[in-house]
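# A structural walkthrough
So the chains spell out like this:
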Protein chains: 2
Amino acid sequence: MVQSGAAIAFGGTQGVYRHASSATGTDMTFSVYVPPHAPGAKLPVLWYLSGLTCTHANVTDKGEYRAACAEAGIIFVAPDTSPRGADVPDDDAYDFGQGAGFYVDATQAPWAANFRMRMYIEEELPALIAATFPADMARQGITGHSMGGHGALTIGLRNPDRFKSISAFAPIVSPLNCPWGEKALGGYLGPDRAAWRGYDACALIEDGARVPELLVDQGDADQFLTDQLKPDLLRAACDAAGIDLTLRLQPGYDHSYYFISTFMADHVRWHAARLAR
Amino acid sequence: MVQSGAAIAFGGTQGVYRHASSATGTDMTFSVYVPPHAPGAKLPVLWYLSGLTCTHANVTDKGEYRAACAEAGIIFVAPDTSPRGADVPDDDAYDFGQGAGFYVDATQAPWAANFRMRMYIEEELPALIAATFPADMARQGITGHSMGGHGALTIGLRNPDRFKSISAFAPIVSPLNCPWGEKALGGYLGPDRAAWRGYDACALIEDGARVPELLVDQGDADQFLTDQLKPDLLRAACDAAGIDLTLRLQPGYDHSYYFISTFMADHVRWHAARLAR
């Protein structure tokens, strides 16, 4: 792992790092904010998974999480959204291929060799974070935006022992039931929709995944609300399963980082309260 | 004036606007954040002038000012740093020409036709802001970063009746005494250094400009601290003139927006306290 940039911010350190990933077979870049802390302290970790077209840089630049993370004493990790590079398969569309990994382990050619973002986020990167930063891996939360909200919900629901808190900003709640999801999961996983259910928050809940609570913020002026995001599907799944979903429709907000940054500090505090010792 | 983008953020509206400027003879772009406010209310205005290579977008994306402006009820205006366009003179260097207007009215060819950022910031844009937004122009403050800190200090010192509060992040305090300043003012104003004194915060103070107080934050790990920024020159000028300068050397901070964003909320609150009715 090499550090490709670091600066002091809000009394802590915002760094950007690159490493050779065995999961993806490529170099991967991610950012980590470590807040000010006492020597030897181990801190809780909040994962943030980004949306379509994004890298680690979007939330690192625009997310406005550092003040709240410094105050709460929580590490913030922002991975990339897919493998990248000239040797990695790609697609001309913004919603498939590089920048659109959908946090799955692809099974279909030509994607299966590199597009293993599930393994990367669930196994490889956590081991690197644990080995490199002052992280208490017994206290992890996860959040994300749009495609990354889908990632946060599905990875959180599949790993309830690892993630003590799960939230999302304007998530794709059911790839089985929206054009983005049908295209991506069809491409990465093939036509058998039964194989998609492990990557669909609503289907995971229907199939038995249980967590005590979820927090979701969603702008009601989001251009993708009706066709792609469909938070009512998550509402129905949580109601049927007895999961305590706090779903806040935020009036006037769109799908941008202006929306995310507005509610970021609230999400950080929500996670921090659930990750306190 | 046309609105080229707008979104709700922290309960207010972050907009980006473009207009045909008579001062520069070009289209100019700027951003304005209007916080949530009661119908009919007139709000104080904080101007933020950006540094070399920047447009309105850098602080709009990375400045983290909206939460504090929403809480304080203050409008935030971020202009561009120079005229731009294929028909506008330019220089290959990052520190001269487009992106490096230095907030002067140029007198030298080929710059004099377009590079009139003093008139733009002091006269034209305030009139547009007053006519377009719910701004109380009797309550204005100004701040900025690096070259924009120079702009904030010099425009503030020349217009103490207009600006009730002046602060800066890592400002160029004396263009007469640093390579950036010597190159830019020499190029825009010619070799007669007497003509530069109206664009040098320290010289303005030496020549009689007076304000009650100034706030400056400066990172002590800033790569430009010793050769370009030289806050000790401002300290000496303020001490000799009896101006109450709060100069805070912030340990470990560099010249980036990680530094600016860390202290932005504090500056917003400092201005808001001085711009209260």
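The structure this text deals with has already been given above.
Presented here is a report on the structure given in the accompanying data block.

About the cut-offs
- Residues numbered from 1 in each chain as written.
- Chains lettered and ligands numbered in written order.
- Predicted model: local features only at pLDDT ≥ 70, side-chain atom pairs only at ≥ 80, totals over all residues.
- Heavy atoms only, no water.
- Least-squares fit on C-alpha atoms with pLDDT ≥ 70 in both.
- Contact = heavy atoms within 4.5 Å.
- Pairing = 2+ DSSP bridges.
- Helix = DSSP H or I, 4+ residues; strand = E, 2+ residues; numbered from the N terminus.
- Axes fitted to C-alpha atoms, helices over the stretch in contact; angles between N-to-C directions.
- Buried < 20%, exposed > 50% of the residue type's maximum accessible area, 1.4 Å probe, protein only.
- Right-handed = clockwise from strand over helix to strand, strands pointing away.
- 1 Å grid on protein atoms, 1.4 Å probe; cavity = no way out; pocket = protein on both sides within 12 Å on 5 of 7 lines; lining within 4 Å.
- Points joined across faces, edges and corners; volume = space filled by probe spheres on them.
- Nonpolar A, V, L, I, M, F, W, Y, C, P; charged D, E, K, R; others polar.
- Buried area = accessible area lost by both parts, 1.4 Å probe.
- Salt bridge = Lys/Arg side-chain N within 4 Å of Asp/Glu carboxyl O.
- Polar contact = N/O pair within 3.5 Å; in protein donor to acceptor, adjacent residues only side chain to side chain.
- Arc of directions from axis to C-beta.

## Considerations on the relation of the copies chain A and chain B
- For the pair chain A and chain B, the best superposition has an RMSD of 0.0 Å and corresponds to a rotation of 180° with a translation of 0.0 Å parallel to the axis. Within this description, the copies of the chain are treated as partners about a two-fold rotation axis. Of every C-alpha in chain A, the one belonging to K62 of chain A sits nearest the axis of rotation, 2.8 Å from it.
- Looking at the interface residues of chain A, 100% of them are also at the interface in chain B, so both copies use one shared face.

## Brief notes about the sheet that holds strand β7 (residues 163-169) of chain A
Residue and element names in this part refer to chain A.
- In space, the nine strands of this open sheet follow the order β1-β2-β3-β5-β4-β6-β7-β8-β9, with mixed pairing throughout. Across the chains shown, the open sheet's two edge strands, defined by having one partner strand only, are β1 (2-9) and β9 (244-250). Strand-to-strand twist in this sheet, taken as the mean axis angle between neighbours without regard to direction, amounts to 20°.
- Two elements, strand β2 (residues 12-20) and strand β3 (residues 27-34), share eight bridges in a ladder whose sense is antiparallel. Across the sheet, the residue bridging to H19 is M28, located in β3.
- Across the sheet, helix α3 (residues 117-132) is in contact with β2, β3, β4 (43-49), β5 (75-79) and β6 (135-144); its angle to β3 comes to roughly 50°.
- Sheet strands touched by helix α4 (residues 147-158): β4, β6, β7 and β8 (213-219). Its angle to β7, the strand with the most contacts, is close to 160°.

## Overview of the pairing of β7 of chain A
All names here are of chain A.
- Within β7, six of the seven residues are buried, leaving the element largely enclosed by the surrounding structure.
- This β-α-β element, β6 to α4 to β7, shows right-handed connectivity.
- In terms of strand pairing, β7 meets β8 through three bridges, oriented parallel. Note on β8: the bridge partner recorded for A168 is V216.

## Some thoughts on the layout of surface pockets
- By volume, the largest pocket amounts to about 480 Å³.
- Considering the residues around the largest pocket, the lining is formed by 20 residues, among which A67 and A265 of chain A together with A67, A68 and A265 of chain B are closest to the centre.
- Secondary structure elements with two or more residues in the lining of the largest pocket: α2 (66-72) and α9 (257-275) of chain A together with α2 (66-72) and α9 (257-275) of chain B.
- Sorting elements by how many residues they give to the lining of the largest pocket places α9 of chain B first, with six residues.
- By residue class, the composition of the lining of the largest pocket is nine nonpolar, four polar and seven charged.
- Taken as a whole, the second largest pocket encloses approximately 370 Å³ of empty space.
- Lining the second largest pocket are 20 residues, and of these C54, H145, H255, S256 and Y257 of chain B sit closest to its centre.

## Let's talk about the pairing of β8 of chain A
Residue and element names in this part refer to chain A.
- Taking burial as the measure, the seven residues of β8 include six buried ones, the bulk of the element.
- In the sheet, β8 pairs with β9 via seven bridges, with the strands oriented parallel. Its bridge partner being in β9, G219 is matched across the sheet by Q250.

## Regarding the interface of chain A and chain B
- At the interface, 19 residues of chain A touch 19 residues of chain B.
- For the pair chain A and chain B, the two sides together bury roughly 1700 Å², of which 55% comes from carbon and sulfur.
- Together, F10, E64 and Y258 of chain A form the three largest contributors to the area buried by chain A at its contact with chain B, with a combined 38%.
- Between the two partners, chain A and chain B, sit two salt bridges.
- The salt bridge involving R66 of chain A is made with E64 of chain B; its shortest N-O contact spans 3.4 Å.
- The interface formed by chain A and chain B contains eight residue pairs in polar contact (both at pLDDT 80 or more).
- Mapped by element, the contributors of at least two residues to the side of chain A that touches chain B are β1, α1 (56-62) and α9 of chain A.
- Top element by residues in the side of chain A that touches chain B is α9 of chain A. It accounts for four residues.
- Of the residues in the side of chain A that touches chain B, the class split is seven nonpolar, seven polar and five charged.

## Description of helix α8 (residues 231-241) of chain B
Residue and element names in this part refer to chain B.
- Buried residues of α8: P231, L234, A237, C238 and A241, and no others. The buried residues of α8 occupy an angular sector of 120° when projected down its axis, which confines them to one face. In α8, the exposed positions that point more than 90 degrees away from the buried face belong to D232 and A240.
- Backbone geometry just after α8 places G242 at a positive phi near 75°.

## Quick notes on helix α5 (residues 179-189) of chain B
All names here are of chain B.
- Considered for burial, the residues of α5 that qualify are W180, G181, A184, L185, Y188 and L189. The arc that holds every buried residue of α5, seen down its axis, measures 105°, which confines them to one face.
- Those residues of α5 that are buried lie in contact with α7 (225-229).
- Directly after α5, the chain includes G190, whose backbone phi takes a positive value near 90°.

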